[in-house]
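Structural overview
Spelled out from the first residue to the last, the chains are:
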Amino acid sequence: MKDLLKLKSSLVEEIENILNTQVKVEAHSSAIYLAMSAWCDDQGLDNASKFFAKQSDEEREHMLKIFNYISNRGGKPISPEVTNIPNDFESFRGVFEQALEQEMFVTEQFNNIADKCVKAKDYVTFNFLQWFLAEQVEEEFVIRRILELFDVIGEDGTGRWEIDKHLVKVVFDGE
Ligand code: FEO
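Here goes a summary of the coordinates provided. Here the structure is a predicted model, which means the values were calculated and not measured.

A look at a negative patch on the surface
On the surface, a cluster of negative charge is contributed by Asp-41, Asp-42, Asp-46, Asp-88 and Glu-90. Of note, Asp-46 is situated in helix α3 (residues 46–72). Exposure remark for Asp-46: the relative accessible area of 43% places this residue in the partly exposed category.

Encoded structure:
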């Protein structure tokens, strides 16, 4: 008689756990970006506020993609508790620096998950991860380009509002 639990789920426990950890990381990203959106709005930086609101929505979508994948593979997705979200930030530039740090951390997380999938011979999940790995290239690129605006334009005088005006023009064309 085969183990019924194994028949129910195609995910090994280690992969299910690390995916659930990533669900939490994505929820955390979503909450941080929402806080950043509110801070930018309070500073009169409308485009930056919209940028982070959109990022926040996308992170929730990422979270749901992983959450649903765990479920579809017969695992048990866990709705995450999100705590320790800062609501105040030191500077406009600091917000984007923190966002880049967060995205670099997320990229590292996905690399680790991919590594574990290969070791566990879970190529189905490895394949599922490819979308996220490609997405990270775009997310890091856009934030780095926005940070370059701070170097080129500077924050003095009307600089902050110039940066806010130009950041919407940053796009990733994949080349
Ligand atoms: Fe879902 Fe920005 O990584």
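Now that the structure has been shown, the text picks up again.
Brief notes about the packing of aromatic side chains
In total, this model carries 13 aromatic pairs according to the counting rule given. An angle of 80° between the planes, with centres 6.2 Å apart, marks the rings of Trp-39 and Phe-89 as edge-to-face. With Trp-39 in helix α2 (residues 13–42) and Phe-89 in the loop between α3 and α4 (92–119), the pair connects residues that are 50 residues apart, well separated along the chain. The interplanar angle of 20° and the centroid separation of 4.9 Å between the aromatic rings of Phe-110 and Phe-132 together place this pair among those described as stacked. Taken as a pair, Phe-110 in helix α4 and Phe-132 in helix α5 (residues 123–153) lie far apart in primary sequence, 22 residues in all. Pairwise contacts between aromatic rings join Tyr-33, Phe-51, Phe-52, Phe-92, Phe-96 and Phe-150 into one cluster. Residue placement shows Lys-65 over the ring face of Trp-131; its charged tip is 4.2 Å from the ring centre.

Considering the nonpolar core
Core analysis: the largest hydrophobic core is formed by 25 residues, its most contacted members being Met-36, Phe-51, Phe-52, Phe-92, Phe-96, Ile-146 and Leu-167. Those elements that place two or more of their residues in this core are α2, α3, α4 and α5. With 19 residues, the next largest nonpolar core counts Leu-19, Val-106, Phe-110 and Leu-129 among its residues.

Conventions and cut-offs
- Sequence order as written defines residue numbering, which begins from 1 separately in each chain.
- It should be noted that, the model being predicted, local features are given only for residues of pLDDT at least 70 and side-chain atom pairs only at 80 or more, the latter also being counted only at that level, while totals for whole chains, interfaces and linings use all residues.
- Calculation of side-chain values draws on the structure's entire complement of heavy atoms; hydrogens and water are dropped beforehand.
- Residues enter patches when they are more than 30% accessible in relative terms and free of salt bridges; like-charged ones are connected within 9 Å and nonpolar ones (Val, Leu, Ile, Met, Phe, Trp, Tyr) within 5 Å.
- Per-residue accessibility takes into account occlusion by the displayed protein chains alone, with areas from the Shrake-Rupley method and a 1.4 Å probe.
- The salt bridge criterion pairs a side-chain nitrogen of Lys or Arg with a carboxyl oxygen of Asp or Glu, the two atoms within 4 Å.
- Here the positive residues are Lys and Arg and the negative ones are Asp and Glu; neither His nor the chain ends is included.
- Here the site of a charge means atom NZ of a Lys, CZ of an Arg, CG of an Asp or CD of a Glu.
- A helix here means a DSSP run of H or I that spans at least four residues, while a strand means a run of E at least two residues long, and both kinds are numbered starting from the N terminus.
- Relative accessibility under 20% of the residue-type maximum defines a buried residue, over 50% an exposed one, and the middle range a partly exposed one, all with a 1.4 Å probe and only protein chains included.
- Planes of paired rings set the category: under 30 degrees apart is stacked, over 60 is edge-to-face and the rest tilted, where pairs are Phe, Tyr or Trp rings (Trp by its six-membered ring) whose centres lie within 6.5 Å.
- We call a charge positioned above a ring when the Lys NZ or Arg CZ atom is no farther than 6 Å from the ring centre and deviates by at most 35 degrees from the ring normal.
- We define a nonpolar core as any set of buried Ala, Val, Leu, Ile, Met, Phe, Trp, Tyr and Cys residues linked to one another through side-chain atoms lying within 4.5 Å.

Keep in mind that these numbers describe shape and distance, not what the molecule does.
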